[in-house]
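Inside the fold
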Amino acid sequence: MNLLPVLAEKARAAAHPEAGQAPCTCDAGPAPLADRPDATVVRHAGTVAKAHAPGTDPAELALRLGTAARVPGVLLAPLAPGPTPLHGRLVTFWPYGTPVDPDDPDAAPWETVGTLLARLHRTVPPAGLPPMRGPAKATRAMRRLHEALRGEPHEAAGPVQRAWAALPAWARAEAAMPGPAVLCHGDVHLGQLVRHPAPDGPWQLIDVDDLGVGVPAWDLARPAAWYACGLLPPDVWTRFLTAYRRAGGPAVPADGDPWPALDVPARALTVQTAALAVAKALAADRPLDEVEQAVVDACARMTSVPYPTS
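Here the structure is a predicted model, which means the values were calculated and not measured. (Residues numbered from 1 in each chain as written. Predicted model: local features only at pLDDT ≥ 70, side-chain atom pairs only at ≥ 80, totals over all residues. Heavy atoms only, no water.)

1. Describing the environment of Ala11
- Along the polypeptide, Ala11 turns up in helix 1 (residues 4-15).
- Distance from Ala11 to Arg239, taken between C-alpha atoms, is 38 Å for residues 228 residues apart in sequence.
- Residue contacts for Ala11: discarding those within four places in its chain leaves Val42, His44, Thr47, Ala49 and Phe93. (Helix = DSSP H or I, 4+ residues; strand = E, 2+ residues; numbered from the N terminus. Contact = heavy atoms within 4.5 Å.)

Rendered as structure tokens:
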């Protein structure tokens with residue numbers, strides 16, 4: 001079924017609980033923010049309603065919501081303590097925040113991201129919080145690539161598949177993550193940042209779907225991978241990493257070479273990005289663009305470069 005109209009009504013009701021069934025008098029009606037198989041998101045005034053992926057575990061989602069509420073100023077807190085069932089999906093409600101401007105990448109708050117992650121990683125996770133879902137997300141990307149190939153070879157898929165096979169089992173979600181259990185976001189990118197209160201409040205992290213305990217270097221892996229692939233300027237990477245270290249982030253040593261800690265997660269995120277890029281290109285029956293080709297080329301290089309040792 002089309003979930004958008006039903007979710008829009010839920011968002012309206014959450015935004016105006018005092019109005020009951022009365023017509024909304026807002027200047028603008030509900031606005032879809034995302035409509036994907038794994039998430040449908042609608043905004044109404046200052047409220048955002050999100051329908052999570054089918055099959056989401058309600059107990060685990062409730063734990064993740066509670067964790068977000070416990071880390072104010074780092075994770076955006078939900079408006080309700082638990083999810084609401086809706087046509088076989090779980091719905092959560094959030095305050096609206098102003099996202100990063102995709103047309104102004106130079107203004108992206110990289111130092112703030114580093115500081116927020118350090119604060120998150122230094123927070124003691126609550127008992128019972130499930131594992132961070134970053135490796136599981138990488139596995140889903142590889143599954144999507146496999147389905148897009150339909151049993152046919154593709155020149156761009158080979159390097160991605162070989163780089164995936166070379167990763168350790170934990171990075172492929174086939175074994176427990178090593179090290180102490182650290183509170184992690186699990187899917188850090190600039191789309192996971194908003195200013196709240198809108199429009200110019202402090203930056204906070206959003207999206208608890210992958211939140212859990214695990215290897216904190218995973219949260220630094222996407223910018224690390226972009227830097228390694230030549231997609232993130234060295235000065236931006238340095239600003240991000242320096243801010244993380246200054247805030248006491250435990251994912252990397254306080255000084256010296258960070259790559260022994262970052263290498264496996266960065267390779268995994270490179271493979272995940274490349275797998276999705278190839279799958280999308282196959283679905284659209286088009287060649288890879290320049291950025292997509294860059295991450296595939298990085299996968300090809302990775303298989304000939306040994307993992308660093310500490």
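2. Concerning the environment of Asp187
- By the element assignment, Asp187 lies in the loop between strand 7 (182-184) and strand 8 (193-195).
- Residue classification places Asp187 among the buried positions, given a relative accessible area of 8%.
- In this structure the C-alpha to C-alpha distance between Asp187 and Pro135, which are 52 residues apart in sequence, comes to 9.8 Å.
- If we skip the residues at most four places from it in the chain, Asp187 touches Lys137, Gln192, Asp210, Asp219 and Arg222.
- At a separation of 3.3 Å, a polar atom in the side chain of Asp187 contacts the side chain of Arg222. (Buried < 20%, exposed > 50% of the residue type's maximum accessible area, 1.4 Å probe, protein only. Polar contact = N/O pair within 3.5 Å; in protein donor to acceptor, adjacent residues only side chain to side chain.)

3. So, the layout of surface pockets
- The computed volume of the second largest pocket comes to approximately 280 Å³.
- If you go around the second largest pocket, you meet 13 residues; those closest to its centre are Ala228, Trp259, Asp263, Arg267 and Met302.
- Broken down by secondary-structure element, the contributors of at least two residues to the lining of the second largest pocket are helix 8 (259-284) and helix 9 (290-302).
- Among the elements that take part in the lining of the second largest pocket, helix 8 stands out by supplying five residues, more than any other.
- Here the residues of the lining of the second largest pocket sort into nine nonpolar, one polar and three charged. (1 Å grid on protein atoms, 1.4 Å probe; cavity = no way out; pocket = protein on both sides within 12 Å on 5 of 7 lines; lining within 4 Å. Points joined across faces, edges and corners; volume = space filled by probe spheres on them. Nonpolar A, V, L, I, M, F, W, Y, C, P; charged D, E, K, R; others polar.)

4. Description of the state of the cysteines
- Going through the model one piece at a time under the given rule, you end up with zero disulfides.
- With no disulfide partner, Cys229 has as its closest neighbouring cysteine sulfur the one in Cys299, 7.5 Å distant. (Disulfide = S-S within 2.5 Å.)

5. Remarks on the sheet that holds strand 5 (residues 89-95)
- Across the sheet, five strands lie side by side as 1-2-3-5-4; this open sheet has antiparallel pairing. Strands with a single pairing partner mark the edges of an open sheet, and in this sheet they are strand 1 (31-36) and strand 4 (84-86). For this sheet, the mean angle separating the axes of adjacent strands, direction not counted, is 25°.
- Where strand 1 meets strand 2 (residues 39-44), five bridges bridge the pair, whose relative direction is antiparallel. Within strand 2, the residue paired with Arg36 across the bridge is Ala39.
- Contacts from helix 1 reach strand 1, strand 2, strand 3 (47-52), strand 4 and strand 5, with the element oriented near 40° to strand 2.
- Strands in contact with helix 2 (residues 58-70) are strand 3 and strand 5; relative to strand 5, the strand with the most contacts, it is inclined by about 10°. (Pairing = 2+ DSSP bridges. Axes fitted to C-alpha atoms, helices over the stretch in contact; angles between N-to-C directions.)

6. Describing the packing of helix 6 (residues 221-228) against helix 7 (residues 234-246)
- Look at helix 6 against helix 7: their axes get within 10 Å of each other, and the N-to-C directions meet at 155°. Comparing the axis directions of helix 6 and helix 7 gives the class roughly antiparallel. Both helix 6 and helix 7 take part in a crossing whose hand is left-handed. Residues Pro223, Ala224 and Tyr227 of helix 6 lie in contact with helix 7, whose contacting residues are Pro234, Trp237 and Phe240.
- Partitioned by chemical class, the residues of the contact of helix 6 with helix 7 number six nonpolar, no polar and no charged. (Parallel < 35°, antiparallel > 145°, perpendicular 65-115°, else oblique. Left-handed = near helix turned anticlockwise from the far one by under 90°.)

7. Things to note about the packing of aromatic side chains
- If you walk through the whole model with that rule in mind, you get seven aromatic pairs.
- With a centroid separation of 6.4 Å and an interplanar angle of 25°, the aromatic rings of Tyr227 and Trp259 are classed as stacked. Pair noted here: Tyr227 is in helix 6 and Trp259 is in helix 8, with a separation of 32 residues, a long-range link.
- Between Trp237 and Phe240, the aromatic rings sit 5.7 Å apart at their centres with planes inclined by 40°, giving tilted as the arrangement. Taken together, the residues Trp237 and Phe240, both in helix 7 and three residues apart, mark about one turn of the helix. No difference in accessibility class separates Trp237 from Phe240, as the two residues are buried.
- The ring centre of Tyr96 lies 3.5 Å from the NZ or CZ of Arg43, which sits over that ring. (Phe/Tyr/Trp six-rings, centres within 6.5 Å; stacked < 30°, edge-to-face > 60°. Lys NZ or Arg CZ within 6 Å of the ring centre and 35° of its normal.)

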